Amino acid sequence: IIWKEMLGNYQLKELINFKVIAGRKTFKIVVWYGYQNRSIQEGSVKNWTIDNCLLSTDRNTVNESDVVVIPMQIYRQFEDLPQRRNSLQRWVMLFDDYPSMILKRDGWQSGKFKRMFNWSMTYRLDSDVPIPYGWTEKREKPIKIKQNFANYHANDTALASAVISHCSYTLNNRISYVKELEKYVSLDFYGYCGNKKCPGQQYVTPCGEIKKHKFFLAFENSNCMEYITEKLWLLSYDQKVIPIVMGAPKSDYIAQAPPNSFIHVDDFKSPKALAEYITMLDKNNTAYNEYFQWRRLYTTHS
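Criteria and cut-off values
Residues numbered from 1 in each chain as written. Predicted model: local features only at pLDDT ≥ 70, side-chain atom pairs only at ≥ 80, totals over all residues. Heavy atoms only, no water. UniProt positions renumbered as here; feature names shortened; annotations may be inferred. Disulfide = S-S within 2.5 Å. Helix = DSSP H or I, 4+ residues; strand = E, 2+ residues; numbered from the N terminus. Phe/Tyr/Trp six-rings, centres within 6.5 Å; stacked < 30°, edge-to-face > 60°. Lys NZ or Arg CZ within 6 Å of the ring centre and 35° of its normal. Pairing = 2+ DSSP bridges. Salt bridge = Lys/Arg side-chain N within 4 Å of Asp/Glu carboxyl O. Buried < 20%, exposed > 50% of the residue type's maximum accessible area, 1.4 Å probe, protein only. pLDDT = per-residue confidence, 0-100. Contact = heavy atoms within 4.5 Å. Axes fitted to C-alpha atoms, helices over the stretch in contact; angles between N-to-C directions. Parallel < 35°, antiparallel > 145°, perpendicular 65-115°, else oblique. Left-handed = near helix turned anticlockwise from the far one by under 90°. Nonpolar A, V, L, I, M, F, W, Y, C, P; charged D, E, K, R; others polar. Core = buried A, V, L, I, M, F, W, Y, C linked by side-chain atoms within 4.5 Å.

The name given to the chain in an unreviewed UniProt entry is Fucosyltransferase, with the source organism recorded as Owenia fusiformis. What the UniProt record of the chain gives under Pathway (unreviewed entry) is the line "Protein modification; protein glycosylation." Quoted verbatim from the Sequence similarities (unreviewed entry) heading of the UniProt record, the comment on the chain is "Belongs to the glycosyltransferase 10 family."

**Focus on the state of the cysteines**
Taken as a whole, this structure holds 1 disulfide when the rule is applied. Across the disulfide, cysteine 167 is cross-linked to cysteine 193 (sulfur-sulfur distance 2.0 Å). Between cysteine 167 and cysteine 193 the sulfur-sulfur dihedral comes to about -115°; the bridge is accordingly left-handed. In this pair, cysteine 167 sits in the loop between strand 8 (160–163) and helix 4 (174–181) while cysteine 193 sits in the loop between strand 9 (187–190) and strand 10 (215–219), placing the two residues 26 residues apart along the sequence.

**Description of the packing of aromatic side chains**
What the rule picks out here adds up to 10 aromatic pairs. Through a chain of ring-to-ring contacts, the aromatic side chains of Phe149, Phe215, Tyr288 and Phe292 assemble into a single cluster. A cation over a ring is seen here: arginine 59 above tryptophan 32, with NZ or CZ 4.2 Å from the ring centre. Lysine 214 extends its terminal NZ or CZ atom over the ring of tyrosine 288, reaching a point 4.9 Å from the ring centre.

**What to know about the sheet that holds strand 11 (residues 242–246)**
Across the sheet, 5 strands lie side by side as 9-8-10-11-12; this open sheet has parallel pairing. Every interior strand has two partners, whereas the edge strands, strand 9 and strand 12 (263–264), have only one. Summarising the sheet, strand 11 and strand 12 pair through 2 bridges and their orientation is parallel. Across the sheet, the residue bridging to valine 245 is histidine 264, located in strand 12.

**Describing the pattern of salt bridges**
Evaluated as defined, the whole model comprises 9 salt bridges. One salt bridge connects aspartate 126 with arginine 124, and the closest N-O pair in it is separated by 2.7 Å. Note that lysine 214 and aspartate 282 form a salt bridge whose closest N and O atoms lie 2.8 Å from each other. Of the two residues, lysine 214 sits in the loop between strand 9 and strand 10 while aspartate 282 sits in helix 7 (residues 271–283), which places them 68 residues apart along the sequence. Judged by relative accessible area, which is 6%, lysine 214 ranks as buried. Residue classification places aspartate 282 among the partly exposed residues on the basis of a relative accessible area of 31%. One connected set of salt bridges, linked through shared partners, spans Arg124, Asp126 and Glu226.

**Focus: the confidence of the model for the chain**
The predicted model of the chain averages 83 in pLDDT, with 81% of residues at 70 or higher. Confidence over residues 8–18 falls short of pLDDT 50; this stretch has 16 contacts with residues more than four positions distant or in other chains.

**Brief notes about the packing of helix 4 against helix 7**
Running from amino to carboxyl end, helix 4 crosses helix 7 at an angle of 55°, the nearest separation of the two axes being 9 Å. Viewed along their axes, helix 4 and helix 7 adopt a mutual orientation that is oblique. In this structure, helix 4 crosses over helix 7, and the sense of that crossing is right-handed. For the pair helix 4 and helix 7, the contacting residues are Tyr177, Glu180 and Leu181 in the first and Pro271, Leu274 and Ala275 in the second. Among the residues making up the contact of helix 4 with helix 7, the classes are represented as 5 nonpolar, no polar and 1 charged.

**Some points on the nonpolar core**
Ile70, Met72, Leu81, Phe113, Phe117 and Leu232 are the most contacted members of the largest nonpolar core, which has 41 residues in total. Mapped by element, the contributors of at least two residues to this core are strand 4 (67–71), strand 5 (90–95), strand 10 and helix 5 (230–237). Among the elements that line this core, the one with the most residues is helix 5, at 5 residues. Counting residues in hydrophobic clusters, the runner-up holds 31 residues, among them Phe219, Ile263, Leu274 and Phe292.

**Considerations on the pairing of strand 8**
The side-chain alternation of strand 8 yields two buried faces, one formed by Ala160 and Ala162 and the other by Ser161 and Val163. Bridge count between strand 8 and strand 9: 4 bridges; the pairing is parallel. Across the sheet, residue serine 161 finds its bridge partner in strand 9, namely aspartate 188. Here strand 8 pairs with strand 10 via 2 bridges, running parallel. Note on strand 10: the bridge partner recorded for serine 161 is phenylalanine 216.

As structure tokens, then:
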């Protein structure tokens, strides 16, 4: 509902018409803000297998651009947005946080955003331009798994780890769940909400301590549809640990993640029940390694 408030009813038709002429011109795209900690390489985006788009962060060229991408994650004041708009432009709302966070943005309550954007660009797969935090790809041929992941974690000092730094934006009691789980298993709790520090840069360089544990608590800050962030892809799969997930419905994880690659908290009636299960996996190498068999047939990207 929140997304629809910001988008015109015509966005699908507009997107189709825009694609029709895509092969006949070079499109100029202006990104209104820099985005998170990610650098934006200006110029042609040929490395994306697209050779008729020019990307820029130069606001002085906004009037002559075809597309204006506005990262709402960075946006703070309505007056900072482009004050004049070319009627032929397409405005894109870029937002990769959970939807209710948009309610905190200046101008939302007064309805200034209503029908402002033509297209959506979010983690949701039904967006006009989907930008999921990660995805699964099936290999062309199965590969052999040489590594015994139970042995790989033989010298771990704790069974599980968690990295949580947004303590006040939690809508699913994830911190309380972590603290209850700590009563039953050894757990290293990193981030501002925990008691340990771990070097790393969000979205770029993960905390190196994660890979020293068998499990990672990939707990999102809200339980929203398809809201599956870097906690699963970058901080779990890339670190070769088993993710224990909280957030989107289990059906969303099944649809996006490799098969039998995660543990969902919804399958357990309590943190204690979850603790008993992962303790069993810790003692049973065969059962533990079953959670890595997907790597024979699939790979993930973050």
